[in-house]
Amino acid sequence: ALEVPEFEFLRYEVAEGIAWVTFTRPKALNALAADVLREIAEVTEVIAEDPEVKVAVFTGEGKAFVAGADISEINALKDVFIGREFALAGQEVMNHIAALPVPTIAAINGYALGGGLELALACDLRVAATKAKLGLPEVGLGLIPGFGGTQRLPRLVGVGRAFDLILTGRHVPAEEALALGLVNRVADDAVAAARELAQAIMKNSPVALALAKEAVARGADVPLPEALEIEADLFGMTVTTHDMREGTAAFLEKRAPEFKGE
Ligand code: CAA
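Residues numbered from 1 in each chain as written. Predicted model: local features only at pLDDT ≥ 70, side-chain atom pairs only at ≥ 80, totals over all residues. Heavy atoms only, no water.

By the naming in an unreviewed UniProt entry, the protein chain goes by Enoyl-CoA hydratase and is assigned to Oceanithermus desulfurans. The annotation that UniProt attaches to the protein chain under Sequence similarities (unreviewed entry) is "Belongs to the enoyl-CoA hydratase/isomerase family." (UniProt positions renumbered as here; feature names shortened; annotations may be inferred.)

The subject of this paragraph is the packing of aromatic side chains. Throughout the structure, instances matching the rule amount to three aromatic pairs. With 6.5 Å between their ring centres and 20° between their planes, F23 and F58 make a pair best called stacked. Residue F23 is found in strand β2 (residues 18–23), and its partner F58 is found in strand β3 (residues 55–60); the two are separated by 35 residues along the sequence. Classification of F58 as buried rests on a relative accessible area of 0%. (Phe/Tyr/Trp six-rings, centres within 6.5 Å; stacked < 30°, edge-to-face > 60°. Helix = DSSP H or I, 4+ residues; strand = E, 2+ residues; numbered from the N terminus. Buried < 20%, exposed > 50% of the residue type's maximum accessible area, 1.4 Å probe, protein only.)

Close to the ligand lie 24 residues, the nearest being K63, A69, G115, E118 and E138. In this structure, I71 approaches the ligand through a main-chain N or O atom, which is 2.9 Å from a nitrogen atom. The contact in question runs from an oxygen atom of the ligand to an N or O atom on the backbone of G146, over 3.0 Å. Across the complex, the protein chains shield 63% of the 990 Å² of accessible surface that the ligand would expose by itself. Counting only elements with at least two residues in the shell around the ligand, the list comes to α2 (71–75), β6 (111–113) and α4 (115–122). Among the residues making up the shell around the ligand, the classes are represented as 14 nonpolar, five polar and five charged. (Near = heavy atom within 4 Å. Polar contact = N/O pair within 3.5 Å; in protein donor to acceptor, adjacent residues only side chain to side chain. Areas by Shrake-Rupley, 256 points an atom, 1.4 Å probe, with all protein chains shown as cover. Nonpolar A, V, L, I, M, F, W, Y, C, P; charged D, E, K, R; others polar.)

Running from N to C, helix α9 (residues 206–219) and helix α10 (residues 224–238) point in directions that differ by 170°, and their axes come no closer than 9 Å. It follows from the interaxial angle that α9 and α10 lie roughly antiparallel. Between α9 and α10, the residues in contact are L211, E214, A215, R218 and G219 and A227, I230, L234, M237 and T238, respectively. Of the residues contributing to the contact of α9 with α10, the split by class is six nonpolar, two polar and two charged. (Axes fitted to C-alpha atoms, helices over the stretch in contact; angles between N-to-C directions. Parallel < 35°, antiparallel > 145°, perpendicular 65-115°, else oblique. Contact = heavy atoms within 4.5 Å.)

Have a look at this one:
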């Protein structure tokens, strides 16, 4: 059986194909202290190795999703190299989330600020509670976003909209985040909405989901002609799978497909 480490700052549960990662330090608004980041890196390894997991959802306990990196830890940083290492270490954790083979959803139950929004940006999809507030307030602290925000936000919503958030540092309400394309859904209960979204995703072929995710992720980093080649390569891989035979046959036979994920 899969060995799951003991976590102090998060809870890990798998139910009906969904891995739930819940941040459990509500007193500090789930701020990403170094120890928390270490556990997030560990949990991504568990998710990647767990064959039961079809979709992963990240969410927070209490009034915050995650209120950012730990400001007291940042306050203690004094050296340019250590500052750089701090950012690189956080970026690496976000990269682990982005590189997960299964679709990922941030269920933004409350504040997603700074490193918390950056974590949500590393997920494939974002569902926000009606009362959630999202933002990159770093410049108000004399900082800039350092866990990927200056890069993933403009890639997601465009440079102009990203500048608005990054230069004002304002807290964006969920409904506005939806209009900006920053989140995919808004619902009173972000967790319930994330579960519904996960269930809709899980109706599809797991192998196709993994290849689709890989095509989007790898294509985003390269020029279009190369990106289209990546798409063609991965499309090519789908045609040899059981799931493609089954999915197309089921369509033609007017029945529901039974995917195996291979
Ligand atoms: N780091 C450390 N502690 C934090 C924290 C953070 N990012 N966010 C909140 N906390 C702590 C508060 O200090 C407070 O602790 P105490 O009870 O010990 O005083 C506790 O969590 C509860 O917070 P508040 O009392 O402030 O709660 P509130 O409801 O009044 O305000 C809030 C909520 C508007 C989210 C406010 O907490 C806030 O502005 N938090 C900081 C948000 C922020 O600036 N995030 C960016 C961090 S920098 C970063 O992330 C850099 C990067 O890109 C890597």
